[in-house]
Amino acid sequence: MNGRPPLIEFRNLRKSFGSQVVLDGVNLSIEQGRVTTIIGRSGVGKSVLLKHVVGLLTPDSGEVLYRGKNLFQMSHKERKALKSQFSYMFQSLALFDSMTVGENIGLPLKEKTRLSKTEIRERVLAQMKQLELEDIEDKYPSQLSGGMRKRVALARALITRPEIVLFDEPTTGLDPVRRAAVHNMIARYQGELGFTAIIVSHDIPEVFRISQKVAMLEKGRILFEGTGNDILHCSDPAVRRFIEGDEEPDEEAQST
Amino acid sequence: MTRKEFSDSKNRQTAGAILAQPGENPLTGGAPRDDTLFVVWAEGPCNAKFNNSPHPSFLRNHFPPVPFRQLARDMTQASSSPTDPLALVGRHCLFILEEMGRIALFLAHAFAKMFALPLRAGEVLQQVHFIGLKSLFIVSLTALFTGMVLGLQGYYTLVKFGGEAALGTVVALSVIRELGPVLTALMVTGRAGSSMAAEIGIMRISEQIDALDTMDIDPVHFLASPRLAASIISFPLLTAIFDVVGIIGGYLTGVVLLGVNSGIYLGRMEAAVGMEDVSGGFIKAATFGIIVATVCCYQGYMTHTRREGFGARGVSYSTTTAVVMSAVLIFAFDYVLTSVLL
């Protein structure tokens, strides 16, 4: 820890869906201006945790604190102001399929700023160029490859130059070259703009390279919290199994 | 127990828990879907979830929630058997009441946002083009055949009493007061209402509505308000065209085919039809426009909360429910409005 007060803090966060307990007392702090990566097995609740940050889900109990203030006790105005600082890149990308790529990327600017059409187009084109998305401004998301769609979603998430960006598996389904390019781009943008990033990822150990902090979610709780180097040398059997890609003992028994 | 007492009691939390039934979003690989809308409403303003709720904050703050589904469960438990037919009827009635309440709140939110900035005039115009202009042909065709049938049926009924001279009056009043608004609304529901529900439903299940929410764009303002405004504009205009084409249809069969005097057909019509008939028809049309846009947008918007089907099937259920519910409400409100306007 560097002594800085956390920007976002999860305190004893619990969330269940019926009898399925997804988050069972999550405690985690996210420091400002740093990249925090949340890792864990598929279906462990990483996306659920991320959705609590933007208020897409409300916890059963516990708190999500933003600069020490409970997100779910804020006034409508406070939340609106807070939302304008966030950007979220969905796992399913959530691109508007009846809008062109240019309209998709420019929508947050069109809706939330007073920029002219020309200014918006200039910024959209600049963003697209940086992400190697030239000449597809008038195409629809369904006409693009999976990798391109991913980069369009990334462009849309970064176009407003947000203070906090939440990436839900930004590189899943990309080839190793593109994956490295996306990681480099997140790192570069984060360095330039200084935003706070929370990344949900399975890209181990590549993602550790750009993360200042790694947290592993297991069985509804944070099992490990530290740097990428720490987790690679962690002796906890569950963490090791995850890092090395070994099956759980009970899973092995089931599969034999 | 009064509503206030109920909302203050322990039952409030129970209701919240029960209303927030679990479910899975098939698109996110089994990740749980968000049902917290009902928890929010059931637990009051302190835990209010932002923007994803269709309930305006002033309504949330001033009217404590009534957990109808919990009441329905209590009724079932109180009866001797869980399959008691009376409890079943009660449960269904309470469910319908609850749903109507939610639709009314959705309407209040969408209507209020019609006047909020940005005004979205471009989107309203696009929707007028889709709901209004693109429905013109099908509405005109329906109007022509309806008028022609009315001309035929009216003539053969009236001729029995020697009253065929009143054919123009019968056709005009039937079309302007009743058939114009109702049939236009039904045709537009089938053509445009179903597509509204399907489009918004697909946006919901593919997290596009969540994406709007995270961008701090109110999804109701972005999606429902332009459609509502366009429907309020388009329905009366389409009804006016239906009226004219319907009267021409009656003229074709009554005058051209069956030989009723043209001057009498038109002259009697002019004498019998008053401005109140025409304006009454337009009031009906605008009301039906509100009903169709609200119900269809609401059903699409709430696709993720459906218990009988997820994903594509959920959208298909939403679309079907939207069309059926719109049609039933059109007939119900037609009766109510007719009794008020007559």
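Given the structure is predicted, the values throughout are model-derived calculations rather than measurements.

A.B. asks: Is there a simple way to explain the overall build of chain B in this structure?
C.D. replies: Within chain B one finds 14 helices and zero strands. Sequence-ordered secondary structure for chain B, helices as α and strands as β, is α-α-α-α-α-α-α-α-α-α-α-α-α-α. For chain B, with 342 residues in total, the buried portion stands at 53%. Considering only contacts within chain B whose residues lie at least 6 apart along the sequence, 77% involve residues at least 24 apart.

A.B. asks: I tried to follow the overall build of chain A on my own but got confused; where do I start?
C.D. replies: From N to C terminus, chain A includes nine helices and 10 strands. Against the compact-globule benchmark of 18 Å for 256 residues, chain A has a radius of gyration of 19 Å, which places it among compact chains. Dimensions of chain A, computed from the C-alpha atoms along their principal axes, are close to 60 × 45 × 40 Å. Counting every position in chain A, which comprises 256 residues, the buried fraction comes to 53%. A separation threshold of at least 6 residues defines the contact pool for chain A, and within that pool the share at least 24 residues apart is 65%. If you sum the accessible surface of chain A, you get close to 11,700 Å²; carbon and sulfur atoms cover 47% of it. Counting 36 positive and 34 negative side-chain charges, chain A places the centres of these two groups 7 Å from one another.

A.B. asks: Which parts of the structure should I look at to understand the packing of aromatic side chains?
C.D. replies: Remark: the centre distance and the inter-plane angle together describe each pair of aromatic rings, the angle taken between the planes. All names here are of chain B. Scanning the model with the defined rule gives eight aromatic pairs over all chains in all. Geometrically, the ring pair formed by phenylalanine 106 and tyrosine 298 is edge-to-face, given 5.6 Å between the ring centres and 75 degrees between the ring planes. Within this pair, whereas phenylalanine 106 is found in helix α6 (residues 85–114), its partner tyrosine 298 is found in helix α13 (residues 275–301), the two being separated by 192 residues in sequence. A relative accessible area of 1% means that tyrosine 298 is categorised as buried. Ring centres of phenylalanine 106 and tyrosine 301 lie 5.5 Å apart, and the angle between their planes is 55 degrees; this geometry places the pair in the tilted category.

A.B. asks: I tried to follow the sheet that holds strand β2 (residues 20–31) of chain A on my own but got confused; where do I start?
C.D. replies: Paired through backbone hydrogen bonds, the strands of a sheet run either parallel or antiparallel to each other. All names here are of chain A. Overall, antiparallel pairing links the four strands, which are arranged β2-β1-β4-β5 in an open sheet. Where the open sheet ends on each side, the last strands, each with one partner, are β2 and β5 (69–70). As paired strands, strand β4 (residues 61–66) and β5 are joined by two bridges and run antiparallel to one another. Paired with tyrosine 66 across the bridge in β5 is lysine 69. Running over the sheet, helix α1 (residues 46–53) touches β1 (6–17), β2 and β4 and is turned about 125 degrees from β1.

A.B. asks: Sorry if this is basic, but what is going on with helix α4 (residues 117–130) of chain A here?
C.D. replies: Residues that lie three or four places apart on an α-helix share one face, since the helix turns once every 3.6 residues. Residue and element names in this part refer to chain A. For α4, spanning 14 residues, the distance from its first C-alpha to its last is 20 Å, which sits close to the expected 20 Å at 1.5 Å a residue. Regarding α4, the residues found buried are Ile120, Val124, Gln127 and Met128. Down the axis of α4, the buried side of the element spans an arc of 100 degrees, and every buried residue falls inside it. Along α4, exposed side chains directed more than 90 degrees from the buried face belong to Thr118, Glu122 and Lys129. Backbone geometry just after α4 places glutamate 132 at a positive phi near 55 degrees.

A.B. asks: Is there a simple way to think about the packing of helix α9 (residues 167–205) of chain B against helix α14 (residues 311–341) of chain B in this case?
C.D. replies: For any two helices packed against each other, one specifies the crossing angle of their axes together with the interaxial distance. Residues and elements named next belong to chain B. In the contact formed by α9 and α14, the axes pass within 8 Å of each other and the chain directions differ by 155 degrees. When the axis of α9 is compared with that of α14, the two are roughly antiparallel. Here α9 runs over α14; the crossing is right-handed. The residue inventory of the contact of α9 with α14, partitioned by class, reads 14 nonpolar, eight polar and two charged.

A.B. asks: Which parts of the structure should I look at to understand α13(B)?
C.D. replies: For α13(B), spanning 27 residues, the distance from its first C-alpha to its last is 39 Å, which sits close to the expected 39 Å at 1.5 Å a residue. Buried residues dominate α13(B), accounting for 20 of its 27 residues.

A.B. asks: Can you help me understand the interface of chain B and chain A in this one?
C.D. replies: For interface size, the figure often reported is the accessible area lost on association. The interface is formed by 30 residues belonging to chain B together with 33 residues belonging to chain A. Buried surface at the junction of chain B and chain A, both sides included, amounts to about 2,800 Å², of which 58% is carbon and sulfur. At the junction of chain B with chain A, the criterion picks out five salt bridges. Residue Asp216(B) is joined to Lys112(A) by a salt bridge in which the shortest nitrogen-to-oxygen separation is 3.6 Å.

A.B. asks: Would you mind showing me how to read the pairing of β2(A) here?
C.D. replies: Look at any regular strand and the pattern is simple: side chains alternate between the two faces of the sheet. Residue and element names in this part refer to chain A. Alignment of β1 against β2, held across nine bridges, turns out to be antiparallel. Its bridge partner lying in β2, serine 16 is registered against valine 21. Counted along the chain from β1 to the antiparallel partner β2, the turn is two residues long, and its residue glycine 18 has a positive phi close to 65 degrees.

A.B. asks: I tried to follow the nonpolar core on my own but got confused; where do I start?
C.D. replies: Soluble globular proteins: nonpolar side chains tend toward being buried together. Membership of the largest hydrophobic core comes to 102 residues, with the highest contact counts inside it found for Ile8(A), Phe10(A), Val26(A), Leu28(A) and Leu166(A). If one sorts the elements of this core by residue count, α9(B) sits on top with 14 residues. When near neighbours in sequence (up to four residues on either side) are disregarded, Ile8(A) contacts Leu28(A), Ser29(A), Ile30(A), Val53(A), Val64(A), Leu65(A), Tyr66(A), Phe86(A), Ile164(A) and Ile198(A).

A.B. asks: How do you make sense of the confidence of the model for chain B when you look at a structure like this?
C.D. replies: For any part of a model where pLDDT is low, the fine detail of the predicted coordinates should not be relied upon. All names here are of chain B. Confidence in the prediction of chain B, expressed as mean pLDDT, is 82, and 76% of residues score 70 or more. When pLDDT is averaged over each helix and strand of chain B, the minimum, 34, is found for helix α2 (residues 11–19) and the maximum, 97, for helix α11 (residues 219–257). Overall, residues 1–54 carries pLDDT values under 50, and its contacts beyond four positions in sequence, including any with other chains, amount to 131 contacts.

A.B. asks: Can you walk me through the packing of helix α7 (residues 121–132) of chain B against α11(B) in this structure?
C.D. replies: All names here are of chain B. For the pair α7 and α11, interaxial distance at closest approach is 8 Å and the crossing angle is 50 degrees. Viewed along their axes, α7 and α11 adopt a mutual orientation that is oblique. When you trace α7 past α11, the crossing you get is right-handed. Residue-level inspection shows Glu123, Val124, Gln127, Val128, Ile131 and Gly132 of α7 in contact with α11, the latter providing Phe222, Pro226, Arg227, Ala229, Ala230, Ser231, Ile233, Ser234, Phe235 and Leu238.

A.B. asks: Looking at this structure, I do not really get the pairing of strand β6 (residues 86–89) of chain A. What am I missing?
C.D. replies: Residues and elements named next belong to chain A. Of the two faces of β6, the one lined by Phe86 and Tyr88 and the one lined by Ser87 and Met89 are each fully buried. Pairing between β6 and strand β7 (residues 164–168): four bridges, direction parallel. Paired with phenylalanine 86 across the two strands is isoleucine 164, which belongs to β7.

A.B. asks: Sorry if this is basic, but what is going on with the environment of Gly245(A) here?
C.D. replies: Residue and element names in this part refer to chain A. Counting through the fold element by element, glycine 245 comes out in the loop between α8 (237–244) and α9 (249–255). For glycine 245, a relative accessible area of 60% translates into the label exposed. Each C-alpha atom, one on glycine 245 and one on serine 92, is 24 Å from the other, the two residues being 153 residues apart in sequence.

Cut-off values and rules
Per chain, residues are indexed from 1 in the order of the written sequence. Just so you know, chain letters begin at A and ligand numbers begin at 1, following the order they were written in. pLDDT decides what is reported in this predicted model: residues at 70 or higher carry local features, side-chain atom pairs at 80 or more are listed and counted, and totals for whole chains, interfaces and linings draw on all residues regardless. Each side-chain value is derived from all of the structure's non-hydrogen atoms; neither hydrogens nor water enter the calculation. Under the DSSP-based scheme used, a helix requires at least four consecutive residues in state H or I and a strand at least two consecutive residues in state E, with every element numbered from the N terminus. Buried, partly exposed and exposed residues are distinguished by accessible area as a fraction of the type maximum, computed with a 1.4 Å probe on protein chains only: under 20%, between the cut-offs, and over 50%, respectively. The contact criterion used throughout is that any non-hydrogen atoms of two residues lie within 4.5 Å. We compute the radius of gyration over the C-alpha atoms and compare it with the globule rule, which gives 2.2 Å times the number of residues raised to the power 0.38. Exposure was quantified through the Shrake-Rupley algorithm and a 1.4 Å probe, taking into account, for residues, occlusion by the shown protein chains and nothing else. Neither His nor the chain ends is counted toward charge; the positive residues are Lys and Arg and the negative residues Asp and Glu. Taken as the charge centre is NZ of Lys, CZ of Arg, CG of Asp or CD of Glu, depending on the residue. Here a Phe, Tyr or Trp ring, Trp counted by its six-membered ring, pairs with any other such ring whose centre lies within 6.5 Å, and the pair is stacked when the planes are under 30 degrees apart, edge-to-face when over 60, and tilted otherwise. Strands are labelled as partners when DSSP assigns at least two bridges between them. Angles here are taken between N-to-C directions and fall from 0 to 180 degrees, while the axes themselves are lines fitted to C-alpha atoms, restricted in helices to the stretch in contact. To estimate how far a helix should reach, multiply one less than its number of residues by 1.5 Å. The arc refers to the directions leading from the helix axis to the C-beta atoms. Oblique is the label for any angle not covered by the other classes, which are roughly parallel (under 35 degrees), roughly antiparallel (over 145) and roughly perpendicular (65 to 115). For any helix crossing, the convention is left-handed if the near helix is rotated counterclockwise from the far helix by under a right angle, and right-handed if that rotation is clockwise. Any residue outside Ala, Val, Leu, Ile, Met, Phe, Trp, Tyr, Cys, Pro, Asp, Glu, Lys and Arg is labelled polar, Gly included; the first ten of those are nonpolar and the last four are charged. By buried area we mean the combined loss of accessible area, with a 1.4 Å probe, across both parts when two parts are placed together. Note on definitions: salt bridges are taken to be side-chain nitrogens of Lys or Arg within 4 Å of carboxyl oxygens of Asp or Glu. Residues belong to one nonpolar core when they are buried, are Ala, Val, Leu, Ile, Met, Phe, Trp, Tyr or Cys, and are joined through side-chain atoms within 4.5 Å. The predictor rates its confidence in each residue with pLDDT, a number between 0 and 100.

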